[in-house]
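A closer look at the structure
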Amino acid sequence: MQPDVELPGPTEIPQTPSPGFAIKEKRAANINWIKDYKLPESFSPRVHKDLMDGKLSGNHRDEFTRDVVSSIKVHTMYPTAEEKQKVASLIIQKYPFLADSIGAGTGSWCKAITNRFKNLRRKKACGETPACKQIKPIGTPKSEPSTKKRKLVDFPHLPEGETQETCTEHKKVLVKEMAKSRRNLPLIRELMELTYSHHRHNFLKQPKTVVAILEEYPALHLISEVKVEFGRILGEAKLIREMVNNFKSLEESIIQYASRCTKRSIKTLENMMKGALEEDPHKESDIRSTVVALMIQDILKEKAGELLFLKVCCDDESIDEETEKSTYPRLIGSGDLANVETLFIAAEGQRFLDFSNLGSDRIPTARKIMSLFPTVSD
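All residue numbers here refer to positions counted from 1 along the written sequence of the relevant chain. In keeping with the model being predicted, local features are shown solely for residues with a pLDDT of at least 70 and side-chain atom pairs are shown and tallied solely at 80 or more, while totals for entire chains, interfaces and linings include all residues. As a rule here, side-chain values cover all heavy atoms of the structure and leave hydrogens and water aside.

Any two of the Phe, Tyr and Trp rings considered here, Trp counted by its six-membered ring, make a pair once their centres fall within 6.5 Å; the pair's planes then place it as stacked at under 30 degrees, edge-to-face at over 60, or tilted in between. The tally for this structure, following the rule as stated, stands at six aromatic pairs. On the basis of an interplanar angle of 90° and a centroid distance of 5.6 Å, the ring pair of Trp 33 and Tyr 37 is categorised as edge-to-face. The exposure classification of Trp 33 matches that of Tyr 37, with both residues buried. Centroid distance Phe 203 to Tyr 217: 5.9 Å. Interplanar angle 90°. Geometry classified as edge-to-face. Remark: Tyr 217 occurs in the loop between helix H9 (210-216) and helix H10 (223-234) and Phe 203 occurs in helix H8 (residues 196-205); sequence separation between them is 14 residues. Following the ring pairs from residue to residue traces out a cluster consisting of Phe 43, Phe 64, Tyr 95, Phe 97 and Trp 109. The ring of Phe 344 carries the charged tip of Arg 351 above its face, separated from the ring centre by 3.9 Å. Note on exposure labels: buried denotes an accessible area under 20% of the residue type's maximum, exposed denotes more than 50%, and partly exposed covers the range between, all computed with a 1.4 Å probe on protein chains only. By the criteria applied, helices consist of DSSP H or I runs no shorter than four residues and strands consist of E runs no shorter than two, each listed in order from the N terminus. Here, over-ring charges are defined by two tests on the NZ atom of lysine or the CZ atom of arginine: distance to the ring centre within 6 Å, and angle to the ring normal within 35 degrees.

Printed below as a string of structure tokens:
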């Protein structure tokens, strides 16, 4: 008779998460960690030096935020708004020079902490660990690249620490700052950023005239702020640069198209370009980009409406009359193909944004002009 033999138990199979699903980290057991929380005592030598000197900017500020977030991450990957506010308050209490110039002084730090945690969680969700990676079978055909579409953010949320009341106060400060002869441009940019969700929501909910908008937010008289606001609306900070590059990439194709096209208006523009190049060969880039802009709107004129969105008035044409006819935003200028002397955006029968004050040598070329119109670059 065989002796009893202890049989091995069933093999235990380790549980692994299904591919494509990220593991959501739970909050630490100590949910009251914030009561005893203290900021890190040590930083890198360069950050430490900046803190001692009473300044912190650029990469050093990012490094400081990273170290603070790392100290929070020990307790949780999902800090609440109250916890982030508490940490931000500790930062400006210990380092008063890091307080924001407006509001409670903690807005930018709450936002920085929030963004840092979003990035950390996004990296985990994207499957940087082998267990979370999506494994594709060999031979799986690659999907066709999808066309990038810009998303219009209709109702963005207010930044943490901001309310309708604080935004109203920011607007008052903004109006006062714009009335000064020497403006604090960084402060203006910050105020426009903090109030963006507030005024965007109001504009979409109750449309206003251009005049009314400029009275509330006079910073939109500044070319730089219009560019930034445009990027905020479409969710891309470097949108203008991208659109300029898109237009530049189209130039040669449009010129080649014109050489093959038999349409009279296109041929007229092509001949005008050749004549202008003979007179001013050193301004070839400006001439070509201006003609291409005019050609594009001729090609798209059925979509552009009755009035051309780019109008360069000749000597016998009235700029004032063109301005009065402008119900929607249009670019109106005067001069010739080689030299656009006056240039401004007109809307609702009046000038909205004037580029002429930049000086004739700094007025944007047509390449940059067209970048302001999504219709052309899309």
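Before going further, it helps to examine the sheet that holds strand E3 (residues 340-347). For two strands to be treated as a pair, DSSP must find no fewer than two bridges joining them. The four strands are arranged E1-E2-E3-E4 in an open sheet whose pairing can be described as mixed. Where the open sheet ends on each side, the last strands, each with one partner, are strand E1 (310-313) and strand E4 (350-354). Across the sheet, the mean angle from the axis of one strand to that of its neighbour is 35°, orientation sign disregarded. By the bridge criterion, four bridges tie E1 to strand E2 (residues 330-335) in an arrangement that is parallel. Counted as the bridge partner of Lys 311 is Ile 332 from E2. Axes, fitted as lines to C-alpha atoms, cover a helix only where it is in contact. Angles between the N-to-C directions of the axes lie from 0 to 180 degrees.

Turning next to the side chain of Ser 326. Following the sequence through the fold, Ser 326 ends up in the loop between helix H15 (319-325) and E2. Given the relative accessible area of 1%, Ser 326 is considered buried. Within 3.5 Å is the distance limit for a polar contact, defined as a pair of N or O atoms, with the added protein rule that one can donate a hydrogen and the other accept it, and that residues adjacent in sequence qualify only through two side-chain atoms. Reaching out from Ser 326, the side chain makes a polar contact with the backbone oxygen of Glu 322 at a distance of 2.9 Å.

Two measures define how a pair of helices packs: the angle their axes make with one another and the distance between the axes. Packing of helix H11 (residues 239-260) against helix H13 (residues 284-299) leaves a shortest axis separation of 9 Å and a crossing angle of 75°. Comparing their axes, H13 and H11 come out roughly perpendicular. The segment H11 lies against H13, with Phe 247, Glu 251, Glu 252, Ile 254, Ile 255, Tyr 257 and Ala 258 engaging Arg 288, Ser 289, Val 292, Ala 293, Met 295, Ile 296 and Ile 299. Counted by class, the contact of H11 with H13 contains ten nonpolar, one polar and three charged residues. In these notes the angle categories are as follows: under 35 degrees is roughly parallel, over 145 is roughly antiparallel, 65 to 115 is roughly perpendicular, and the rest is oblique. The criterion used for residue contact is that any of the two residues' heavy atoms lie within 4.5 Å. Side-chain classes follow a simple rule in which Ala, Val, Leu, Ile, Met, Phe, Trp, Tyr, Cys and Pro form the nonpolar group, Asp, Glu, Lys and Arg form the charged group, and the remainder, Gly included, forms the polar group.

What follows deals with helix H3 (residues 58-73). End to end, H3 covers 23 Å across 16 residues, agreeing with the expected 22 Å (1.5 Å per residue, within 8%). Every buried residue of H3 is accounted for by Glu 63, Phe 64, Thr 65, Asp 67, Val 68, Val 69, Ser 71 and Ile 72. Multiplying one less than the number of residues by 1.5 Å gives the expected span of a helix.

Attention now goes to the nonpolar core. To form a nonpolar core, buried Ala, Val, Leu, Ile, Met, Phe, Trp, Tyr and Cys residues must be joined to one another through side-chain atoms within 4.5 Å. Counting residues in each nonpolar core, the largest one holds 43 residues, and the members touching the most others are Leu 174, Met 192, Leu 220, Val 291 and Met 295. Elements with a minimum of two residues in this core: helix H6 (164-178), helix H7 (185-194), H9, H11, helix H12 (264-279), H13 and E3. Sort the elements by how many residues they give to this core and H13 lands first, with seven residues. Note that the domain bounds reflect an automated or database-derived domain assignment. Split by domain, this core shows at least three residues from each of two domains, domain 2 (164-234) and domain 3 (238-370). Apart from the residues within four sequence positions on either side, Met 295 is in contact with Ile 254, Ala 258, Ile 266, Leu 269 and Glu 270. Counting residues in each nonpolar core, the second largest holds 25 residues, with Ile 34, Leu 39, Phe 43 and Ile 113 among its members.

Once that is clear, we can look at H13. In this model, H13 (16 residues) spans 22 Å end to end at C-alpha, consistent with the 22 Å of a helix rising 1.5 Å per residue. Burial analysis of H13 places twelve of its 16 residues in the buried class, the great majority of the element.

A few words on a negative patch on the surface. Nonpolar side chains (Val, Leu, Ile, Met, Phe, Trp, Tyr) within 5 Å and like charges within 9 Å form the patches, drawn only from residues with over 30% relative accessible area and no salt bridge. To be clear on the numbers: accessible area is Shrake-Rupley with a 1.4 Å probe, and residue cover counts the displayed protein chains and nothing else. The term salt bridge refers to a pairing of a side-chain nitrogen on Lys or Arg with a carboxyl oxygen on Asp or Glu at a separation within 4 Å. Positive residues here are Lys and Arg, negative ones are Asp and Glu, while His and the chain termini are left out of the count. A charge is said to be at NZ when it belongs to Lys, at CZ for Arg, at CG for Asp and at CD for Glu. The grouping of Glu 278, Glu 279, Asp 336 and Glu 341 at the surface amounts to a negative patch. Within the secondary structure, Glu 279 is located in helix H12. Given the relative accessible area of 66%, Glu 279 is considered exposed.

Looking at the protein chain as a whole, the pLDDT averages 76, with 75% of positions reaching at least 70. Confidence of the predictor at the level of single residues is given by pLDDT, which spans 0 to 100. Of all the helices and strands in the protein chain, helix H17 (residues 374-377) carries the lowest mean pLDDT, 36, while H7 carries the highest, 91. In this model residues 1-29 is a low-confidence stretch, pLDDT under 50, and it forms 23 contacts with partners more than four residues away in sequence or in other chains. Residue range residues 128-137 is modelled with pLDDT below 50. Its contacts to residues more than four positions away, or to other chains, number 14 contacts.

Another point: the environment of Lys 208. Within the secondary structure, Lys 208 is located in the loop between H8 and H9. Residues contacting Lys 208, with those up to four places away along its chain left out, are Phe 203, Ile 213 and Glu 216. Engagement of the side chain of Lys 208 in a polar contact is seen with the side chain of Glu 216, the distance being 2.2 Å.

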